[in-house]
Structures are given as structure tokens and as C-alpha cells.
Amino acid sequence: MYEQMVKIRYYEDQMAEVYMEGKTPVFNIGAGTVPGEMHLATGQEPAAVGMCVHLTKEDTVTAPHRPHHHAIAKGVDLKKMTAEIFGKETGLGKGKGGHMHLFDPAVKFSCGGIVGAGIPHAVGAAMTSKMKGKDSVAVAFIGEGAANAGSFHESLNLAAVWNLPLIVVVEDNSYGISVSKKASTSVASNDLRASAYGIAGAYVKDNDPIAMYKASEQAVARARSGQGPTIIEIETYRYLGHFQGDPELYRDETEVPGLRQLDPITKLKMMLSEAENVSDADLEEMETRAKQQVDEAYQFARDSSYPQPEAALEDVFNS
Amino acid sequence: MLTGNKAMAEAISQEMENDLTVFVLGEDIGKYGGIFGSTQGLIEKFGPERVLDTPISETAFIGAAIGAAAEGMRPITELMFVDFFGVCMDQIYNQMAKIQYMSGGNVKLPMVLMTAVGGGYRDAGQHSQTLYATFAHMPGMKVVAPSNPYDLKGMMVSAIRDDNPVVFMFHKSLQGLGWMEQLDVAVDHVPEEAYTVPLNKAKVVREGKDITIVGIQMMTHYAVEAAKRLSKEGIEAEVIDLRSLAPIDKDTIIESVKKTHRLLVVDEDYLSYGMTAEVSAIVAEEAFFEMEAPISRIAIPDVPIPYSGVLEDFVIPGPNSIYEKVKKIMEDA
Ligand SMILES: Cc1ncc(C[n+]2csc(CCOP(=O)(O)OP(=O)(O)O)c2C)c(N)n1
């Protein structure tokens, strides 16, 4: 978990830098090495890692528009993912999808730009598991804003009625884009909504990776053993703007005490070295390995070529 | 001089002052001022009772706008990107577009649904479409797509005052946003007082005698750019800004092709079953014997908008593709 969290954080830090290449002096969102919107997940690593350590390649993950932490934790090919974000032909989608639209069927990962759209897809994956008599599970990651979309409510009802191995992880970072959770959501936390569907709910405080690990372990066991869906809500923090370049005029820093709390990666590191007696050398080795993989992925993306323009016409249909 | 988004916000603000039944609701339209700035400054002026930030619940808040309009209010609601229409299309085309008709005209829905369209900033298939034809195809709503700040203000005032549902499609590139490529055409002289621009009139933006180019929104600007280059080579293109998609101004188009005898239609929407087909069909039906060359059209070649810059530039028409196409039409003729 520690290594994954470091990898995600380092990946996102690099992305924040690369993203600005070619965009200045006047910020132009369409220009540079990585064009388009960029939603980074810095600070939200515990949600992805605490859940995904319990998953295998056979389990399905659907993620929203802020997908890098889930993708990395699920084991998406880091090189192809980065190449996709760079718009290169070696990317997961040959440069057609970009950062919000990453698809890696090899590890059953997908994400998309329409809020709430991934939840029913996870229902479909959970149905498939049940129909085929497997014990694989499906996890839909969403933001707390997405829990107000119709797809959330319809999907959970369906998963409950059909008793499917579905887990919805709600990452509560307090905001939709600028609209606060208080202003958008009728309950204090979305795990409370579980009772509306007659399913299990769990709440994880303080962006705590260990608590997330435990809540996820239970939910996955429940799903694998045919006991139905779970909603997990985790209190987490979006360190950056909604997207890179977000002026964040809506955000009052005093409203977000979590941003000043101990960073989850630092906290986990302290815990590992103090409570678990993991040596500094071991921690350092994990960090080095994580960073090396990320560096290689970025290098691969840089070295890859752009697609031929005419490739735009391909892939609408399977041949 | 105002940018497109300030022109829209000014129109809304003035109409809110004049008419207490006008209010705005949508995602991030309050403190944020709208992702594309169309509601900047409104919450400061009118407060959260008349400028309502909503949850991400498009079906509910667009449906609520319909319900309020039926009760005599004049809601303006924003669907952030037109691409998100999928989650709430029932409210738009089965409800908003049909209630007036099915009530035999007894229920009025004086509302505006505004939404951002357009590509060019590399945001891929779910954030870059125009979908003009999808909306214009459905009877029961007026659909407009203004191409400059003057029209954005004037048509917004008209849309708010109109007693029918109006879908108001504004182009991201024409909003004058600080975070997109800065285009000169996104800034314009805009009178301070409220004025109206009709919702059923196309506009000839450049006169010419050799060929008519019909453009929509950004494509109008690209057509003018191409026309300037063509002019240096002795080809005078007349450029029409379609501006109103439904109802469509047939007269202006027919009048123009009667003068030029050639037609190219340019659209940032998909080619098949789209606005280019509609305009072509109008001309084929009503001015067939006036034509001296086959009707031509350029649009997105029936693929979703791709992410990578090289791919997106290949599928979205630009001044170059218009220029080349006109050259070819003139040479063949
Ligand atoms: C159906 C739909 N409506 C609106 C949007 C625009 N949008 C993209 S992200 C976002 C906020 C999402 O908030 P949340 O679900 O809390 O996730 P977070 O961004 O905080 O991670 C909105 C409104 C969208 N992409 N899709």
C-alpha cells in the first residue's frame, strides 16, 4: 500500500509539472504536452489503494473523471496509460480517449467523463460475475457529487434487488466542482443512503488508509460470498483545484481543515516505521522502485509517436 | 467591448432586473459564475434565491425548470456541456419540447436551456461535441447558436423573453475565457442597454457572388477566414451565419444561392443526418435549378471527437479545409 501511494503521488506530481509544459505564458488548456482538462487526485490516494489491494485482475473497477489513482492501484499499464494522456499512438486508446477515458480490459479497468456513468457499468460487471458463477466483484469509484446523480440511485437499487457483488466507493472531498457537499447532499454521508436500498454501508474518517483497508476488506468479503452490495464513503481531501487551472475562488481554506492535517502518505510511513518496524532502507527501496516505474512510463510516453491523422477514422466499429 | 460570456451574463442580469420571474439554476453557476462564465457576477447581485447552484442531478433540475416554467416563471437553466444531455434527455425532448403541443397550447414553457458546445481544446468525445442537429431535429424547441458577443447578448434577451423553450448553444471558444486560446472574434462591441436579436433570422456576414458558404458558430468565422484568402485569388464567397437552427431561415439561404449558384455548408457537428444535410435539402428542394455545381458539405466525418491534437485537428473543419473545398468546387464547375 505504501509503495502504491508513493507511486500515485509521484505520478500526479510529475503530471502537474508536465501539464504546464507549453501552456504558458497565457494559460491555454488545449496546448502543450498534455492538453485538455486535467483532474488530479493528489490527497485522495487512500480510497484507491485501501480498496484495490483486495482486488485481483478478475475484479472490475470503474472510475470517474479523476481516475489516475484508481488506475494505478488497479494495475493499469502505466506506460500505455501515460502515452494515452500524452495523446500518443501507443496509448491505451491510441490517443483517442485521453486522461478521462482510460480503458484497460487486461485488468478490467475503465473510466469516463460523464458523472455517474460508471456505476451501472459496474452493476453489469457484477451481474456477469454472478451469471458466470464466479466470485469476482465490481467496484465503482465515484465522487460525493456523483452520489446525487440518478445513475447512483438506480444502480444501487438494482444491485440490491439482484443481490450483486457491487461495491460503490464514494470519495468525499467536500466539493463537486465548486458546489459544497453541504449544499448538494441531503445526508451527512452517503453510507447512510445504504439503508434506503437495504444494503451495507461503511464510513471511513480522516482519509485513513488503514481504516479504508479494513472497510474494503469486509465489503469485498461480503460481495465475494454472495451477501450483496456495499456503499463505502471515505472522507478525503482534494489538495488541488477541481482541474488544473481552477481558480478555486469558491474555496475557503478554513472550510477544509483536512488540508492542514497530516498527509496520509506521511502518516502511513510513520506508522510503518514505528508500529511495524519497517526499516528506513525498506521504505526507501519501495520509494525508489515506485519512482523508477513512473519515470519509465513518462519516458515511454515522450518517446512514442503521435498517431497518423487518418487514424481518427478507425475504430468506430470493429471490423 | 465585451467577451461572449460577459455579454451573456449582462443579458441575463438585465432581464433579471426587469422581470422577477426570471431566475437561473444549474451546476456551478453561483460562486463559480458558470464554468464558461455565462453567469458571472449574478449571485453577487441577485443572491442565492434567484441564482441557484444545483447538485449534479440534471434530470431533476432541468425537470424542475420545466415545472417552474409551467407555473409562470422564466427559468434559465444550464447544462454544463451539451454532451451531458444523455443523462437528462427525457426532460428535454419528451417533456420540455412536447408539453406545449400535447396540451393543445394550453401550457406555456417560457424557459431557456443554455449549454456549451464545441471542440478545439482537446477534451475528447464526451466534452467536445456540438450536437446541433440532435436538438434542432426535435420539434417543439427553438434552437440557436450565436457566433459573436453581440448576438450572444441580443439572442439571450430574445430567448428569455420568448414564450417558448429555447435551447441556447454557446461555443466555448467564443466565450473569451482566460484559459482557452484567445480569439479576436470572442470580443465584440456590445451595447450596454438590453436589445434583441431575432431567433429566426440568419445573417449574411460577408457578401460575394461566386459561392455561398453557410456556417454555424465557429465555422462561420473559419468560412470568413477562408473567404478572405479566396478573395485574393478572385473568388468572392458569400458567407452566411446560420445563427438560428430551429426555426431555420430558409429565405436568406435561398436568396443567397440564387445569387451565387453554388453552395458549401460547413458544420462542426457530425456529417450524417445533420445540419449540412438539412441546409442542402432545403436548397435542393427550393432552388435546384439555380445550382451550377453540386451542393457540397464539410462536417465531422461521423467519428466521435478524438482526444489527441493531430486527430482532433483532422476531424474538425478549419479555414484550410473550407478553402480547399471551395477551390475544388470552383475548378470543377
Ligand atoms: C452528467 C455530468 N454532469 C456534470 C458534469 C460536469 N462535472 C464534471 S466533474 C463534476 C464534479 C464532480 O464532483 P464529484 O463527483 O464530487 O467528484 P470530484 O470532482 O470531487 O472528484 C462535474 C459537475 C459531468 N462531467 N457529467
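Everything below is about the structure printed above this text.
Residues numbered from 1 in each chain as written. Chains lettered and ligands numbered in written order. Predicted model: local features only at pLDDT ≥ 70, side-chain atom pairs only at ≥ 80, totals over all residues. Heavy atoms only, no water.

### Side note on the overall build of chain B
Thought 1: The secondary structure content of chain B amounts to 12 helices and 14 strands.
Thought 2: For chain B, whose C-alpha radius of gyration is 19 Å, the value lies close to the compact-globule estimate of 20 Å for 333 residues.
Thought 3: Looking at chain B residue by residue over its 333 residues, the buried ones come to 63%.
Thought 4: In chain B, the proportion of contacts linking residues at least 24 apart, taken out of those at least 6 apart, comes to 81%.
Thought 5: Here chain B displays about 12300 Å² of accessible surface, and carbon together with sulfur accounts for 52% of that area.
Thought 6: Side-chain charges of chain B comprise 28 positive and 47 negative groups, with the mean position of each set lying 4 Å from the other. (Helix = DSSP H or I, 4+ residues; strand = E, 2+ residues; numbered from the N terminus. Rg over C-alpha atoms; globule rule 2.2 N^0.38 Å. Buried < 20%, exposed > 50% of the residue type's maximum accessible area, 1.4 Å probe, protein only. Contact = heavy atoms within 4.5 Å. Areas by Shrake-Rupley, 256 points an atom, 1.4 Å probe, with all protein chains shown as cover. Lys, Arg positive; Asp, Glu negative; His and termini not counted. Charge placed at Lys NZ, Arg CZ, Asp CG, Glu CD.)

### Looking at the packing of aromatic side chains
Residue and element names in this part refer to chain A.
Thought 1: In this structure the tally under the stated criterion is 14 aromatic pairs over all chains.
Thought 2: Ring centres of tyrosine 11 and tyrosine 298 lie 5.1 Å apart, and the angle between their planes is 40°; on these two criteria the pair is classed as tilted. Pair noted here: tyrosine 11 is in helix H1 (residues 2-20) and tyrosine 298 is in helix H11 (residues 280-303), with a separation of 287 residues, a long-range link. By the burial criterion, tyrosine 11 is buried, and tyrosine 298 matches it.
Thought 3: Looking at lysine 23, its charged tip hangs above the ring of tyrosine 19, at a distance of 3.9 Å from the centre.
Thought 4: The residue whose ring lies beneath lysine 88 is tyrosine 306, and the NZ or CZ to ring-centre distance is 4.7 Å. (Phe/Tyr/Trp six-rings, centres within 6.5 Å; stacked < 30°, edge-to-face > 60°. Lys NZ or Arg CZ within 6 Å of the ring centre and 35° of its normal.)

### Side note on the environment of proline 317 of chain B
Thought 1: Counting through the fold element by element, proline 317 of chain B comes out in the loop between helix H11 (309-315) and helix H12 (319-332).
Thought 2: Proline 317 of chain B has contacts with Met219, Tyr222, Val266, Asp267, Ile298, Ala299 and Ile300 of chain B, leaving out every residue within four places of it along the chain.

### Considering the site of the ligand
Thought 1: Arg66, Gly113, Gly145 and Tyr175 of chain A together with Glu58 of chain B are the nearest of the 20 residues found near the ligand.
Thought 2: Near the ligand, residues from chains A and B are present, making the site a shared one.
Thought 3: A distance of 2.8 Å separates an oxygen atom of the ligand from a polar atom in the side chain of histidine 65 of chain A.
Thought 4: Histidine 242 of chain A is positioned with one of its side-chain polar atoms (N or O) 3.4 Å from an oxygen atom of the ligand.
Thought 5: About the coverage of the ligand: the protein hides 97% of its 580 Å² of free accessible area.
Thought 6: Residues that form the shell around the ligand fall into these classes: nine nonpolar, seven polar and four charged. (Near = heavy atom within 4 Å. Polar contact = N/O pair within 3.5 Å; in protein donor to acceptor, adjacent residues only side chain to side chain. Nonpolar A, V, L, I, M, F, W, Y, C, P; charged D, E, K, R; others polar.)

### Things to note about the interface of chain B and chain A
Thought 1: Listed by partner, the interface residues are 36 residues for chain B and 46 residues for chain A.
Thought 2: Interface area for chain B against chain A, summed over the two sides, is near 3100 Å², with a carbon-plus-sulfur share of 66%.
Thought 3: Considering only the side of chain B, the residues that lose the most area to chain A are Tyr32, Ile56 and Tyr307 of chain B, jointly responsible for 22% of the buried surface there.
Thought 4: Applying the counting criterion to the chain B and chain A interface returns zero salt bridges.
Thought 5: At the boundary of chain B and chain A, one finds 14 residue pairs in polar contact (both at pLDDT 80 or more).
Thought 6: Counting residues per element, the ones that place at least two in the side of chain B that touches chain A are strand S4 (74-81) and H11 of chain B.
Thought 7: Of the residues forming the side of chain B that touches chain A, the biggest block, four residues, is contributed by H11 of chain B.
Thought 8: Residue composition of the side of chain B that touches chain A, by class: 21 nonpolar, seven polar and eight charged. (Buried area = accessible area lost by both parts, 1.4 Å probe. Salt bridge = Lys/Arg side-chain N within 4 Å of Asp/Glu carboxyl O.)

### Examining the sheet that holds strand S4 (residues 138-143) of chain A
All names here are of chain A.
Thought 1: If you walk across this open sheet you meet the seven strands as S2-S3-S1-S4-S5-S7-S6, and the pairing is mixed. Strands with a single pairing partner mark the edges of an open sheet, and in this sheet they are strand S2 (103-104) and strand S6 (200-204).
Thought 2: Bridge count between S6 and strand S7 (residues 230-235): five bridges; the pairing is parallel. Of the residues in S7, the one forming a bridge with alanine 200 is threonine 230.
Thought 3: The sheet strands contacting helix H6 (residues 150-161) are S4, strand S5 (166-172) and S7, and the helix crosses S5 at an angle near 150°. (Pairing = 2+ DSSP bridges. Axes fitted to C-alpha atoms, helices over the stretch in contact; angles between N-to-C directions.)

### Quick look at a nonpolar patch on the surface
Residues and elements named next belong to chain A.
Thought 1: A cluster of nonpolar side chains, namely Leu158, Val161 and Trp162, defines an oily patch on the protein surface of about 280 Å² accessible area.
Thought 2: Relative to the elements of secondary structure, leucine 158 occurs in helix H6.
Thought 3: Taking relative accessible area as the criterion, leucine 158 reaches 33% and is therefore assigned partly exposed. (Patch = residues over 30% accessible without salt bridge, like charges linked within 9 Å, V, L, I, M, F, W, Y side chains within 5 Å.)

### Regarding the sheet that holds strand S5 (residues 112-117) of chain B
Residues and elements named next belong to chain B.
Thought 1: Read from one edge to the other, the open sheet built from seven strands follows the order S3-S2-S4-S5-S7-S6-S12, with strand pairing classed as mixed. Each edge of the open sheet carries a strand with a single partner, namely strand S3 (51-53) and strand S12 (244-246). Across the sheet, the mean angle separating the axes of adjacent strands is 20° when strand polarity is ignored.
Thought 2: Two elements, strand S6 (residues 142-144) and S12, share two bridges in a ladder whose sense is antiparallel. Paired with valine 143 across the strands is alanine 246, a residue of S12.

### Some words on the packing of helix H9 (residues 250-260) of chain B against helix H10 (residues 275-287) of chain B
All names here are of chain B.
Thought 1: One can describe the packing of H9 onto H10 by two numbers: an axis separation of 10 Å at closest approach and a directional angle of 65°. Between H9 and H10 lies a crossing whose hand is right-handed. Counting all contacts with H9, which are made through Lys250, Ile253, Ile254 and Val257, the residues of H10 involved are Val279, Ile282, Val283, Glu286 and Ala287.
Thought 2: Of the residues contributing to the contact of H9 with H10, the split by class is seven nonpolar, no polar and two charged. (Left-handed = near helix turned anticlockwise from the far one by under 90°.)

### Things to note about the pairing of strand S14 (residues 296-300) of chain B
Note on strand geometry: in a regular strand, side chains alternate between the two faces of the sheet.
Residues and elements named next belong to chain B.
Thought 1: In terms of residue burial, S14 counts as a mostly covered element, since four of its five residues are buried.
Thought 2: Relative to S14, strand S13 (residues 263-270) runs parallel, the two sharing four bridges. Note that in S14 the partner of tyrosine 270 across the bridge is isoleucine 300.
Thought 3: Note that the unit made of S13, H10 and S14 has a crossover that is right-handed. (Right-handed = clockwise from strand over helix to strand, strands pointing away.)

### Examining the side chain of histidine 261 of chain B
Residues and elements named next belong to chain B.
Thought 1: With respect to the helices and strands, the residue histidine 261 is situated in the loop between H9 and S13.
Thought 2: A polar atom in the side chain of histidine 261 sits 3.2 Å from the backbone oxygen of lysine 258.
Thought 3: Setting aside chain neighbours within four positions, we find histidine 261 in contact with Glu290, Met291, Glu292 and Ala293.

### With respect to the pairing of S5 of chain A
Residue and element names in this part refer to chain A.
Thought 1: Burial analysis of S5 places seven of its seven residues in the buried class, the great majority of the element.
Thought 2: Residues Leu166, Val168, Val170 and Asp172 line one face of S5 and the alternating positions Ile167, Val169 and Glu171 line the opposite face, and both faces are buried.
Thought 3: At this point the chain moves from S4, through H6, to the parallel S5, and the crossover so formed is right-handed.

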